[in-house]
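Breakdown of the fold
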Number of protein chains: 2
Amino acid sequence: MTYCVGLYLREGLVLLSDTRTNAGVDNISVFSKMQSEEVPGERVLVMLSAGNLAITQAVWNRLQEGVQLDGSRHTLRTVPNMFRAAQLVGQAVRDVFAADGAALKAQDVRFDISLMLGGQIAGEPPRLFLVYAAGNFIEATTDTPFLQIGEHKYGKPILDRVVNFETPVADGMKLVLISMDSTLRSNLTVGMPIDLLVYRTDGFAVALRKRITEEDAYFRMIREGWSAALRQAYLELPRPDWVP
Amino acid sequence: MTYCVGLYLREGLVLLSDTRTNAGVDNISVFSKMQSEEVPGERVLVMLSAGNLAITQAVWNRLQEGVQLDGSRHTLRTVPNMFRAAQLVGQAVRDVFAADGAALKAQDVRFDISLMLGGQIAGEPPRLFLVYAAGNFIEATTDTPFLQIGEHKYGKPILDRVVNFETPVADGMKLVLISMDSTLRSNLTVGMPIDLLVYRTDGFAVALRKRITEEDAYFRMIREGWSAALRQAYLELPRPDWVP
């Protein structure tokens, strides 16, 4: 499995992915699930992926080569806007399905993929999309300013409670790390290290890309601090006066 | 879906279940998923259920009628110990599968059921089991003193972090309510009201059984207090000094 989370904030985008891939529990590896394209001053696009690694890598390879859209060949470096970029990713997914779907089905392998695409192309604000295996997609809005793919349940409660569009990027960085930590603790198929990317609105360059390992002092502080805070918070809530 | 959680603590058992059942999203009802048998001074047994309601009710009905085990007919009121009680529940599940499994399969309905059985029978300490659709089961131990069935992921991180066998029952009551609240917030198929049961070790009677509704003042305080505590806790964690 995988866990990727993206925040869509007024100040920018905060994206985090784990790196665990597994074929069974005795064959685990580290693969980055975060790919990006940058044309400084003009565009930044970041793709996060969950699902079958062969499928997600095939999608990214096709996006590098160029995919037919509206009668001409495009890459994420040439599409005119983010909506077209999401369509392009969806088309790449459909192209992989057309090429490999039947062979996968013959081996009883599900066409299991979900992708997140975030970024900004000059002329419009940043946008964040979730692309499904069918190639269709949804977009984060100010109502629900986060998207998740993969093993999303463990890390969702904290996001449901506190993220909003006005959350500062600096707090968003804390939140995605807390959300990832909850997932890492409860699910073995999500694993360290993790990749964090921050994009500042109208920056048109990646503001931060950082690989965070088990030894990272800040992430260790988050893990320990969050656990201690949860313990403290639950102890401080009053007991019911009907304890038997 | 459903969410049920049970804590296995030195002081006793704390069991909580929601009451939502749904056949599609436009047909939801309230059914208790908590059944119990009590022989004051001698035994208390509590069964929590998740999965197809027709199957879980069929299992409970068979347990009321009596199930063949080791050549004689038993109910939860007659089995000699908790291990036999778990076997009896498992046998009831297998009997339902034998009676209904083929007809369910013909309608493409999964034989979807999981059960929790907790309690104490005089002569041994309290025990807590999780019975699978195959009728086999596992038991909570001091290493991992909680079990969950149904929609378990949202409410697991807090349990993973703080529950241990020495947790007082009064704190365990808070914890299962927090765990349930995280699940209720993030998943529509788990719904209020909720049923809480507390059994005190060597009490041989149910210490507390309480239906908690949306209006319950204590549960509202837990919901609001926990949300506020999480917000506060994340705000108090320091920001990384590498914020871009």
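Remember, predicted model here, so these are calculated numbers, not experimental data.

Here we look at the relation of the copies chain A and chain B
- Mapping chain A onto chain B leaves a residual RMSD of 0.0 Å; the transformation is a rotation of 180 degrees accompanied by 0.0 Å of translation along its axis. Taken together, the rotation and translation relating the two chain copies correspond to the operation of a two-fold axis. Nearest to the rotation axis, the C-alpha of Tyr154(A) is located 2.4 Å from it, this being the minimum over chain A.

Some points on the nonpolar core
- Ranked by size, the top nonpolar core spans 72 residues in total, and within it Leu7(A), Leu196(A), Trp226(A), Leu7(B), Leu196(B) and Trp226(B) carry the most contacts.
- Apart from the residues within four sequence positions on either side, Leu7(A) is in contact with Gly12(A), Leu13(A), Val14(A), Leu128(A), Pro145(A), Phe146(A), Leu159(A), Val163(A), Gly172(A) and Val176(A).

Looking at the sheet that holds strand S2 (residues 12–18) of chain A
Residue and element names in this part refer to chain A.
- Strands sit in the order S12-S1-S2-S13-S14 across an open sheet of 5 strands; the sheet is antiparallel. Of all strands in the sheet, those bounded by a partner on one side alone are strand S12 (146–150) and strand S14 (208–212). On average, adjacent strands in this sheet sit at an angle of 10 degrees to one another, irrespective of strand direction.
- Relative to S2, strand S1 (residues 3–9) runs antiparallel, the two being bridged by 6 bridges. Looking at the pairing, valine 5 lines up with leucine 16 of S2.
- In the packing of helix H4 (residues 169–186) onto the sheet, the strands contacted are S1, S2, strand S13 (194–200) and S14, and the crossing angle to S2 comes to about 20 degrees.

Comments concerning empty space enclosed by the protein
- Scanning the model with the defined rule gives 1 cavity of 30 Å³ or more in all.
- Computed from the structure, the largest cavity encloses a volume of approximately 160 Å³.
- Lining the largest cavity are 15 residues, with Pro157(A), Leu230(A), Pro157(B), Ser182(B) and Leu230(B) sitting closest to its centre.
- Looking at the lining of the largest cavity, the elements with two or more residues in it are helix H3 (156–162) and helix H5 (217–236) of chain A together with helix H3 (156–162), helix H4 (169–186) and helix H5 (217–236) of chain B.
- Residues of the lining of the largest cavity, tallied by class, amount to 11 nonpolar, 2 polar and 2 charged.

Examining the packing of aromatic side chains
- What the rule picks out here adds up to 10 aromatic pairs over all chains.
- Here the aromatic rings of Tyr218(A) and Trp242(B) are separated by 5.4 Å at their centres, their planes lie at 80 degrees, and the arrangement is edge-to-face. Taken together, the residues Tyr218(A) in helix H5 and Trp242(B) in the segment after H5 connect one chain to another. For the pair Tyr218(A) and Trp242(B), one class covers both residues: buried.
- Ring centres of Phe83(B) and Phe137(B) lie 5.8 Å apart, and the angle between their planes is 70 degrees; on these two criteria the pair is classed as edge-to-face. One end of the pair, Phe83(B), is in helix H2 (residues 82–106); the other, Phe137(B), is in strand S11 (residues 137–139), and 54 residues separate them in sequence.
- According to the relative accessible area criterion, Phe83(B) is partly exposed, its value standing at 34%.
- One aromatic cluster in this structure is built from Phe83(A), Phe129(A) and Phe137(A).

Brief notes about helix H1 (residues 53–65) of chain A
All names here are of chain A.
- Between the first and last C-alpha of H1 there are 18 Å, a value that for 13 residues agrees with the 18 Å anticipated at 1.5 Å per step.
- Inspection of H1 places Ile55, Thr56, Ala58, Val59, Trp60 and Leu63 among the buried residues, and these make up the whole buried set.
- Next to the buried residues of H1 lie strand S5 (34–39), strand S6 (43–51), strand S7 (67–69), helix H2 (82–106) and strand S9 (113–121).
- Residue asparagine 52 occupies the N-cap position of H1, its side-chain oxygen lying 2.9 Å from the main-chain nitrogen of alanine 54.

Some thoughts on the sheet that holds strand S12 (residues 146–150) of chain B
Residue and element names in this part refer to chain B.
- As summarised here, the arrangement of the 5 strands in space is S12-S1-S2-S13-S14, forming an open sheet in which the pairing is antiparallel. With partners counted over all chains shown, the strands left at the sheet margins are S12 and strand S14 (208–212), one partner each. Between one strand axis and the next, the sheet turns through 10 degrees on average, direction left out of account.
- As paired strands, strand S1 (residues 3–9) and S12 are joined by 5 bridges and run antiparallel to one another. Across the sheet, valine 5 pairs through a bridge with glutamine 148, a residue of S12.
- The sheet contacts of H4 involve S1, strand S2 (12–18), strand S13 (194–200) and S14, and relative to S2 the element is tilted by about 20 degrees.

A word on the interface of chain A and chain B
- Residue-level contacts link 49 residues of chain A with 49 residues of chain B.
- Between chain A and chain B, the buried area comes to about 4500 Å², and carbon and sulfur atoms account for 67% of it.
- Of all residues in chain A, the largest losses of buried area upon contact with chain B belong to Arg161(A), Tyr234(A) and Trp242(A), amounting jointly to 20% of the total for that side.
- Here chain A is connected to chain B by 6 salt bridges.
- Of the charged contacts in the structure, one is a salt bridge between Glu151(A) and Lys153(B), with a shortest N-O distance of 2.8 Å.
- Summed over the shared surface of chain A and chain B, the number is 20 residue pairs in polar contact (both at pLDDT 80 or more).
- Residue assignment for the side of chain A that touches chain B shows that the elements contributing at least two residues are H3, H4, S13, S14 and H5 of chain A.

Considerations on the pairing of strand S10 (residues 127–131) of chain A
Residues and elements named next belong to chain A.
- For S10, a buried count of 5 out of 5 residues is recorded, marking the element as mostly surrounded by other parts of the structure.
- Here S10 shows two buried faces, one formed by Arg127, Phe129 and Val131 and the other by Leu128 and Leu130.
- Sheet analysis places S9 next to S10, joined by 5 bridges and oriented antiparallel. Paired with glycine 119 across the bridge in S10 is arginine 127.
- Linkage of S9 to S10, two consecutive antiparallel strands, is achieved through a turn of 5 residues, within which glycine 123 is found at a positive phi near 110 degrees.
- The antiparallel hairpin formed by S10 and strand S11 (residues 137–139) contains 5 residues in its connecting segment, where glycine 135 sits at a positive phi of about 90 degrees.

What about H2(A)?
Residues and elements named next belong to chain A.
- Its 25 residues place the ends of H2 35 Å apart at the C-alpha level, agreeing with the 36 Å of an ideal helix rising 1.5 Å per residue.
- Along H2, the largest kink reaches about 55 degrees and is centred on aspartate 100.
- Among all positions of H2, only Met82, Ala85, Ala86, Leu88, Val89, Gly90, Ala92, Val93, Val96, Gly101 and Leu104 are buried.
- Of the residues flanking the start of H2, the one acting as N-cap is asparagine 81, its side-chain oxygen 3.2 Å from the backbone nitrogen of phenylalanine 83.
- Positioned one or two residues after H2, aspartate 108 has a phi angle of 60 degrees, which is positive.

Criteria and cut-off values
Residues numbered from 1 in each chain as written. Chains lettered and ligands numbered in written order. Predicted model: local features only at pLDDT ≥ 70, side-chain atom pairs only at ≥ 80, totals over all residues. Heavy atoms only, no water. Least-squares fit on C-alpha atoms with pLDDT ≥ 70 in both. Core = buried A, V, L, I, M, F, W, Y, C linked by side-chain atoms within 4.5 Å. Buried < 20%, exposed > 50% of the residue type's maximum accessible area, 1.4 Å probe, protein only. Contact = heavy atoms within 4.5 Å. Pairing = 2+ DSSP bridges. Helix = DSSP H or I, 4+ residues; strand = E, 2+ residues; numbered from the N terminus. Axes fitted to C-alpha atoms, helices over the stretch in contact; angles between N-to-C directions. 1 Å grid on protein atoms, 1.4 Å probe; cavity = no way out; pocket = protein on both sides within 12 Å on 5 of 7 lines; lining within 4 Å. Points joined across faces, edges and corners; volume = space filled by probe spheres on them. Nonpolar A, V, L, I, M, F, W, Y, C, P; charged D, E, K, R; others polar. Phe/Tyr/Trp six-rings, centres within 6.5 Å; stacked < 30°, edge-to-face > 60°. Expected span 1.5 Å × (residues − 1). Polar contact = N/O pair within 3.5 Å; in protein donor to acceptor, adjacent residues only side chain to side chain. Buried area = accessible area lost by both parts, 1.4 Å probe. Salt bridge = Lys/Arg side-chain N within 4 Å of Asp/Glu carboxyl O. Bend = angle between axes of the 7 residues up to and from the residue.

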